[in-house]
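Each chain is listed here by its residues.
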Amino acid sequence: MAERDVIQGKVRLKKRGRWWYAHYATPAGYERKALKVTSLKAAQVKAKEIDELLQTGQFAALVQHDKHQQDTFQAFVQEIFLKEYPRWTEGTFRSTRTLTKKLLEEFGSLPLTAITADAIESYLARRRGDDDWQPATYNRYLAILKTVFKYAIERGRLRHNPAAPIKTVQVQEKNPRPYSDQEIAKLLEELTATPDKRDIAIVAVDTGMRQGELARLKWEDVDFERKQIVVKETKNKEDRTIPMTNRVHTILAALRQQNQEAQITSLLVWGKPANIRQLLTRAGKRAGIAGCTQHRLRDTFATQLADNEAPLDRMKKLLGHKTVEMTLRYAETREYHLKETIALLNR
């Protein structure tokens, strides 16, 4: 039995066979448009977009809307988003490459206008269950989809963001895990056989720079006269300036001298070799330190600043945080400080 016609504002939806069609009037005449969808829910989403254009008299936009009805997710992402989206840094595009590829595998062949919130939620739930995603991974995939669809709206390819109603999963905050002074000494001792990697670890713990920031650091951003480093392409998309400690200044000056003598003309200070995560893991195992990561060097930098009573506003600036709350989380009081405080109650 044929399904009943459905009215969506100024649009009448009719089903013929498997497919839904939209019927509506414009100043140019009566239009019958194939929506190329089989479900009523998807047809209503498209009808709502058409109705909004009709209600506001945006007939030229309606023509543009019709023109891009069959633009696929893959075509938009590869031909427009990845080439022209202005609000992601090169580092963001690199770090999301694998995730974007997975999304293209799932939604690539679908028209942008055919992707619904239900389809997105179903995909995220399936991947979360099958691949045992952590909440942060779920949220990263969702963030990419929201960004892509938002840009599609800006470019006139969509009227609504199907990912907008979907909520992120709450992520349990991890407590920072700074190394103790003794652990830092042990790690640096284990890295003695690879002095270039040892130097990277020292710079990381003395500047609080993330692994990606170290990899992207250019010589032009190292100011030896002022003894400071300008960190660019940061996580919060704001440059920050970090004064150099004496040993950081010595390490970088010596490295620059070595490069000049060897006639190395790289623009980057380290590039990919700044990633010493695996080396630290092995060094930690030899030193008997569990859970060694490169990011813990940054935690250590923040905690050492707090130990020395650095003002929170200055810590926030050095770490590149947007909020003081984030800085407070990184600057957790060490356990032995708590014991010292409780010891004051002993009489």
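Before reading on, note that the structure itself is shown above.
Since this is a predicted model, take the numbers as computed values, not measurements. Numbers given to residues run from 1 along each chain, matching the order in which its sequence is written. The model is predicted, so local features are restricted to residues of pLDDT at least 70 and side-chain atom pairs to those at 80 or more, both for listing and for counting; the totals for chains, interfaces and linings are taken over all residues. Hydrogen atoms and water are omitted, and side-chain values are computed over all heavy atoms in the structure.

A. Layout of the overall build of the chain. Scanning the chain from N- to C-terminus turns up 16 helices and 7 strands. Here the globule rule is a power law, 2.2 Å times the number of residues to the power 0.38, and the radius of gyration is based on C-alpha atoms. The C-alpha atoms of the chain give a radius of gyration of 27 Å, which is well past the 20 Å a tight globule of 347 residues would have. Overall, the C-alpha framework of the chain stretches about 80 × 65 × 35 Å when taken along its three principal axes. Only protein chains enter the calculation, and the probe is 1.4 Å; a residue is then buried if its accessible area is under 20% of its type maximum, exposed if over 50%, and partly exposed in between. Within the chain, the fraction of its 347 residues that count as buried is 41%. Per element, the accessible surface of the chain, about 20400 Å² overall, is 49% carbon and sulfur. Here the chain carries 61 positive and 44 negative side-chain charges, and the mean point of each set is 5 Å from the other. The helix and strand labels rest on DSSP assignments: H or I over at least four residues marks a helix, E over at least two residues marks a strand, and numbering proceeds from the N terminus. Computed with a 1.4 Å probe, the accessible areas rest on the Shrake-Rupley method; for each residue, only the protein chains presented here act as cover. We treat Lys and Arg as the positive residues and Asp and Glu as the negative residues; His and chain ends play no part in the count. Throughout, a charge is located at the NZ atom of Lys, the CZ atom of Arg, the CG atom of Asp or the CD atom of Glu.

B. Inspection of the sheet that holds strand β3 (residues 19-26) at higher detail. By the convention used here, strands pair only if DSSP detects at least 2 bridges between them. If you walk across this open sheet you meet the 4 strands as β1-β2-β3-β4, and the pairing is antiparallel. Because the sheet does not close on itself, it has two edges, and the strands there are β1 (6-8) and β4 (29-34). For this sheet, the mean inter-axis angle between neighbouring strands, taken without regard to orientation, is 25°. Where strand β2 (residues 11-16) meets β3, 5 bridges bridge the pair, whose relative direction is antiparallel. The residue of β3 that forms the bridge with R16 is W19. Whether two residues are in contact is decided by their heavy atoms: any pair within 4.5 Å suffices. For every element, the axis is a line fit to its C-alpha atoms; helices are fit only across the contacting stretch, and the angle between N-to-C directions ranges from 0 to 180 degrees. Strands β1, β2, β3 and β4 of the sheet are contacted by helix α1 (residues 40-55), whose axis makes an angle of about 150° with β2.

C. Highlighting the nonpolar core. L214, V222, I229, L252, V269, W270 and L297 are the most contacted members of the largest nonpolar core, which totals 36 residues. At the level of elements, α8 (181-190), α9 (195-207), α10 (211-216), β6 (228-231), α11 (246-261) and α12 (277-287) are the ones that each hand at least two residues to this core. The leading source of residues in this core is α9, at 6 residues. Setting aside its immediate chain neighbours within four residues, I229 contacts T207, M209, L217, D221, R240, T241, I242, M244, V248 and L252. Among buried residues, the Ala, Val, Leu, Ile, Met, Phe, Trp, Tyr and Cys ones that are joined through side-chain atoms within 4.5 Å form a nonpolar core. L104, W133, Y138 and A152 belong to the second-largest nonpolar core, a separate cluster that totals 31 residues.

D. Local environment of unusual backbone geometry. Of note in the backbone geometry, Q263 takes a positive phi value of approximately 60° without being a glycine. Note on Q263: relative accessible area 69%, which makes it exposed. Phi is positive for E309, close to 60°, though the residue is something other than glycine. Along the chain, the position of E309 falls in the loop between α13 (295-307) and α14 (312-319).

E. Highlighting the side chain of H321. If you trace the backbone, H321 turns up in the loop between α14 and α15 (324-330). With relative accessibility at 7%, the residue H321 sits in the buried group. We call two N or O atoms a polar contact when they sit within 3.5 Å, provided that within protein one can donate a hydrogen and the other can accept it, with sequence-adjacent residues counted only if both atoms are side-chain atoms. Of the polar contacts made by the side chain of H321, one reaches the side chain of T327; its length is 3.0 Å.

F. Region of interest: the pattern of salt bridges. Within this document, salt bridges are pairs made up of a side-chain nitrogen of Lys or Arg and a carboxyl oxygen of Asp or Glu, the two lying within 4 Å of each other. Following the criterion strictly, the structure yields 16 salt bridges and no others. For R127, the salt bridge identified is with D131, shortest N-O distance 2.5 Å. According to the relative accessible area criterion, R127 is buried, its value standing at 12%. If you follow the salt bridges from partner to partner, you end up with R210, E213 and R240 in one network.

G. Focus on the packing of aromatic side chains. When two rings of Phe, Tyr or Trp (its six-membered ring) have centres within 6.5 Å they constitute a pair, described as stacked for plane angles under 30 degrees, edge-to-face for angles over 60, and tilted for the intermediate range. One pass over the full model with this rule turns up 13 aromatic pairs. Pairing F81 with Y85 gives two aromatic rings, centres 4.8 Å apart and planes at 25°, and the pair type is stacked. When sorted by exposure, F81 lands in the same class as Y85, which is buried. Look at W133 and Y141: their rings are 4.5 Å apart centre to centre, the planes differ by 15°, and that puts the pair in the stacked class.

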